[in-house]
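Residues per chain, in single letters:
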Amino acid sequence: NTLYHIIKADNCTNLLIERCVLRNADADLGAPSSERFGGGLFLYSVSHSTITNTIISNNKVLYQGGFSDGKGGGIYMYVSHFNKIYATLKYNSAGWSGGGIDMENAQSNHMSVILEYNFATNVDAPASSYGGGINMSSSAGNMIQNSYLHNNFANYGGGIFVQNISETRIIN
């Protein structure tokens, strides 16, 4: 059996993930397209939650085309608000966007993360990959603070790629 996500949380409040290692999820082309999001951690409509002292590594989600899959090799957050992420993300990959973290329609989240050797690559359209470390789209009020980004890769935004965002701060 293939493990598509280490943890998948749907419609949750006050989730705590502490001192965990989330690794080796593989949502490859054999996975249903709806499962090719968030290899290590898939957060859908999650709020007021904390991920702390956690390592998320060696997870992958691939892109097949025709559907907006292949997002968030380490973490995928969709319609998730007021969450705190204090984690290390290494060696994660996504076939479209957010090798480390992909955030869509996510508001008022706070991150203090180490992102190393994450990548987003699209084999079908090699010039179309976004946010090797972090991809953030259609989101507002998020903060990335005291973070370290090193050797992440994508065609657009090797470290961070942002689009259609407002009131987001990156502070060190």
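Residues numbered from 1 in each chain as written. Predicted model: local features only at pLDDT ≥ 70, side-chain atom pairs only at ≥ 80, totals over all residues. Heavy atoms only, no water.

Per the secondary structure count, the protein chain includes zero helices and 19 strands. Relative to its full complement of 172 residues, the protein chain shows a buried share of 48%. In the protein chain, of all internal contacts separated by at least 6 residues, the share reaching a separation of at least 24 is 81%. For the protein chain, the accessible surface area stands at approximately 7700 Å², while carbon and sulfur atoms represent 49% of it. (Helix = DSSP H or I, 4+ residues; strand = E, 2+ residues; numbered from the N terminus. Buried < 20%, exposed > 50% of the residue type's maximum accessible area, 1.4 Å probe, protein only. Contact = heavy atoms within 4.5 Å. Areas by Shrake-Rupley, 256 points an atom, 1.4 Å probe, with all protein chains shown as cover.)

Okay, the nonpolar core next. L43, I75, I85, L89, I101 and M111 are the most contacted members of the largest nonpolar core, which totals 22 residues. When residues of this core are traced back to their parent elements, those giving at least two are β5 (41-47), β6 (50-57), β8 (75-78), β9 (84-90), β11 (101-104) and β15 (134-137). Apart from residues lying up to four places away in sequence, I75 is in contact with G38, L41, L43, I56, I85, L89, G100, I101 and D102. (Core = buried A, V, L, I, M, F, W, Y, C linked by side-chain atoms within 4.5 Å.)

Turning to the pairing of β8, a few remarks are in order. Pairing geometry for β5 and β8, over four bridges, is parallel. Across the sheet, the residue bridging to L41 is I75, located in β8. In this structure, β8 lies alongside β11, joined through four bridges in parallel fashion. Residue pairing in the sheet places Y78 in a bridge with E104 of β11. (Pairing = 2+ DSSP bridges.)

Strand order across the open sheet formed by six strands is β1-β5-β8-β11-β15-β18, with parallel pairing between neighbours. The sheet terminates laterally at β1 (7-13) and β18 (160-163), the two strands that pair on one side only. For this sheet the average axis-to-axis angle between neighbouring strands, irrespective of direction, equals 10 degrees. (Axes fitted to C-alpha atoms, helices over the stretch in contact; angles between N-to-C directions.)

With the rule as written, the count across this model stands at four salt bridges. A salt bridge links K60 to D26; the nearest nitrogen and oxygen atoms lie 3.8 Å apart. Within this pair, whereas K60 is found in strand β7 (residues 60-61), its partner D26 is found in strand β4 (residues 26-27), the two being separated by 34 residues in sequence. Taking relative accessible area as the criterion, K60 reaches 33% and is therefore assigned partly exposed. (Salt bridge = Lys/Arg side-chain N within 4 Å of Asp/Glu carboxyl O.)

With that settled, the discussion passes to unusual backbone geometry. Of note in the backbone geometry, F82 takes a positive phi value of approximately 60 degrees without being a glycine. Here F82 is to be found in the loop between β8 and β9. Judged by its relative accessible area of 47%, F82 is partly exposed. Here the phi dihedral of Y117 falls at roughly 60 degrees; this positive angle occurs in a residue that is not glycine. By the element assignment, Y117 lies in the loop between β13 (114-116) and β14 (119-120). A residue is classified by how much of its surface remains accessible, and Y117, at 31% relative accessible area, is partly exposed.

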